[in-house]
Amino acid sequence: SDDFKKCLKKVLDSKPSKETDLRGALATASKTMQNDDLRGKGVVIFSDLHEYSEVKNDYPLDLSGVCFYVIVEWADYQISNPTLIKKDENKFIDMLMNAGVSRSDIKIMPLSSVATNPDMISRWFRKKF
């Protein structure tokens, strides 16, 4: 819990990235999770879920058996366009499901709710594993 609170503080204190390569991040997770010695496979993602990258790569993804807890902080341009929020969220969920993730293994929560109760993340993963 303390480690996660430190991590959350670092994320909150960091500057936003100019680009978001969600597929690239998932490719890294896919490679990392190809380890049968792991007891439970879970990934925490901090993002606005709007993929924007100058380079478009079609990395192969295998994320079956992996749980994803996504902490979202919407950007101002998304807040002013709620259909974009839903579009970005659905596109990301589809990307995960196409990579073998079960819909029930994807949890998306706003940063504000997680910041007030960071223990909710570890409780969710414990239920999954």
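Calculation rules
- Residues numbered from 1 in each chain as written.
- Predicted model: local features only at pLDDT ≥ 70, side-chain atom pairs only at ≥ 80, totals over all residues.
- Heavy atoms only, no water.
- Salt bridge = Lys/Arg side-chain N within 4 Å of Asp/Glu carboxyl O.
- Helix = DSSP H or I, 4+ residues; strand = E, 2+ residues; numbered from the N terminus.
- Buried < 20%, exposed > 50% of the residue type's maximum accessible area, 1.4 Å probe, protein only.
- 1 Å grid on protein atoms, 1.4 Å probe; cavity = no way out; pocket = protein on both sides within 12 Å on 5 of 7 lines; lining within 4 Å.
- Points joined across faces, edges and corners; volume = space filled by probe spheres on them.
- Nonpolar A, V, L, I, M, F, W, Y, C, P; charged D, E, K, R; others polar.

(A) The arrangement of the pattern of salt bridges in detail. Here the structure, examined in full by the defined rule, presents three salt bridges. Put simply, Arg 23 and Asp 58 hold a salt bridge, and the shortest N to O gap is 3.3 Å. One end of the pair, Arg 23, is in helix α2 (residues 22-32); the other, Asp 58, is in the loop between β1 (42-47) and β2 (67-72), and 35 residues separate them in sequence. On the basis of relative accessibility, which here comes to 68%, the residue Asp 58 falls in the exposed class. Between Glu 89 and Lys 86 there is a salt bridge whose closest N-O contact spans 3.4 Å. You can see Glu 89 and its partner Lys 86 sitting in helix α4 (residues 82-98), three residues apart, about one turn around the helix. Among the residues examined, Lys 86 registers a relative accessible area of 46% and is labelled partly exposed.

(B) Focus on the layout of surface pockets. In this structure, the largest pocket encloses a volume near 690 Å³. Pro 16, Ser 17, Phe 46, Ser 47 and Asp 48 are, among the 25 residues lining the largest pocket, the residues nearest its centre. For the lining of the largest pocket, the elements supplying multiple residues, two or more each, are α1 (2-13), α2, β1 and β2. At three residues, β1 tops the list of elements feeding residues into the lining of the largest pocket. The residue makeup of the lining of the largest pocket, split by class, is 14 nonpolar, five polar and six charged. Put simply, the second largest pocket is a space of about 160 Å³. Around the second largest pocket, the lining residues are Asp 21, Arg 23, Glu 51, Ser 53, Val 55, Lys 56, Asn 57, Lys 91, Asp 94 and Met 95. Of all the elements, α4 adds the most residues to the lining of the second largest pocket, at three residues. Considered class by class, the residues forming the lining of the second largest pocket number two nonpolar, two polar and six charged.

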